[in-house]
Amino acid sequence: MIRTVIVDDEPLARRGIRAHLKEEKDIEIVAECGNGREAVRIIKELVPDLVFLDVQMPELDGFDVLRSINTEHLPSVIFVTAYDKYALKAFEVHALDYLLKPLDSERFNNALARARKQIERRSLSDLSLRLQSLIDDLKTTQKYAERLVIKSAGRIFFLSVEEIEWVEAADNYVRLHSGRNAHLLRETMNSLERRLDPALFLRVHRSTLVNVRRIKELHPLFRGEYEIILHGGTRLASGRNYRDRLQALFVKPE
């Protein structure tokens, strides 16, 4: 039996993978993990043969999980990702399998077939080298996100980042405001900020990111704070610790 672990922060995504594996007689799902820290613990404890690993998770992402595991215990990995095409080429170059969300049945079966062959050969000796090479490659070539995957009410859709007017923190989520709509995304503000182009999105408060193209007016307040008025009429307040960022963009030097 191929002892398998499913790692994804979204229950819907985990159910999707489990459904695809339902009829596979040689697959035994030994654990499911909803975050990266739990995944590290489970993989070290159970030493599975195969892991379906979500790349984009808050706090500890898929690559961080792999960095935390001893290379001697590294399983075969099928990445589950919402990355754009530029990054998918990197997975292919380094001969590492990936599944693009939402999952495609044919692609899923092909990836699973390759994983079976790899496990049968136990040819994992160079896997850690290929994984590290992929991580290094993505670090140097990765572009900023052009769209985000939104999961809501049992459906999955893509939201262009240019449509986002502003973002606010909401506990373990962020709320993306786009026109009259607001979408919840399970991600920390710090993690999302790293994925967004800083030339387009400006952190103006500990809990607020703003699309600079949507800013209509800036009203100076007290102690370096600003009132930010967007084209749609939304009014936001900046934090005093972020005044230099605003001034660098909108205040001409003397």
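Residues numbered from 1 in each chain as written. Predicted model: local features only at pLDDT ≥ 70, side-chain atom pairs only at ≥ 80, totals over all residues. Heavy atoms only, no water.

Structural notes on the environment of Val7
Residue placement: Val7 occurs in strand β1 (residues 2–7). With relative accessibility at 0%, the residue Val7 sits in the buried group. In this structure, the C-alpha to C-alpha distance between Val7 and Val80, residues 73 residues apart in sequence, is 8.9 Å. Non-local contacts of Val7, meaning those with residues more than four positions away in its chain, are made with Cys33, Asn35, Ala39, Val51, Phe52, Leu53, Asp54 and Met57. (Helix = DSSP H or I, 4+ residues; strand = E, 2+ residues; numbered from the N terminus. Buried < 20%, exposed > 50% of the residue type's maximum accessible area, 1.4 Å probe, protein only. Contact = heavy atoms within 4.5 Å.)

Examining helix α5 (residues 105–121)
Over its 17 residues, α5 runs 25 Å from end to end, which matches the ideal 24 Å to within 8%, given 1.5 Å per residue. Among the residues of α5, Phe108, Ala111, Leu112, Ala115, Arg116, Gln118 and Ile119 are the ones counted as buried. Down the axis, α5 shows its buried residues gathered within 165 degrees of arc, on one side only. For α5, exposure combined with an orientation more than 90 degrees from the buried face picks out Glu106, Lys117, Glu120 and Arg121. For α5, the side-chain oxygen to backbone nitrogen distance between the N-cap and Glu106 is 3.2 Å, and the N-cap itself is Asp104. (Expected span 1.5 Å × (residues − 1). Arc of directions from axis to C-beta. Polar contact = N/O pair within 3.5 Å; in protein donor to acceptor, adjacent residues only side chain to side chain.)

With respect to the pattern of salt bridges
On inspection of all chains with the given rule, the structure shows 18 salt bridges. Close ionic contact of Glu32 with Arg18 constitutes a salt bridge, the shortest N to O distance being 2.4 Å. Of this pair, Glu32 sits in strand β2 (residues 27–33) while Arg18 sits in helix α1 (residues 11–21), and the two are 14 residues apart along the sequence. Under the relative-accessibility criterion, Glu32 is labelled partly exposed at 29%. You can call Arg18 partly exposed: its relative accessible area is 35%. Here Arg41 and Glu45 are joined by a salt bridge, their closest N and O atoms 3.4 Å apart. With a gap of 4 residues between them, Arg41 and Glu45 both fall in helix α2 (residues 36–46), about one helical turn apart. By relative accessible area, which is 45% here, Arg41 ends up partly exposed. Through salt bridges with shared partners, a single ionic network connects Asp8, Asp54 and Lys101. (Salt bridge = Lys/Arg side-chain N within 4 Å of Asp/Glu carboxyl O.)

Bear in mind that shape data such as this cannot, by itself, settle questions of function.
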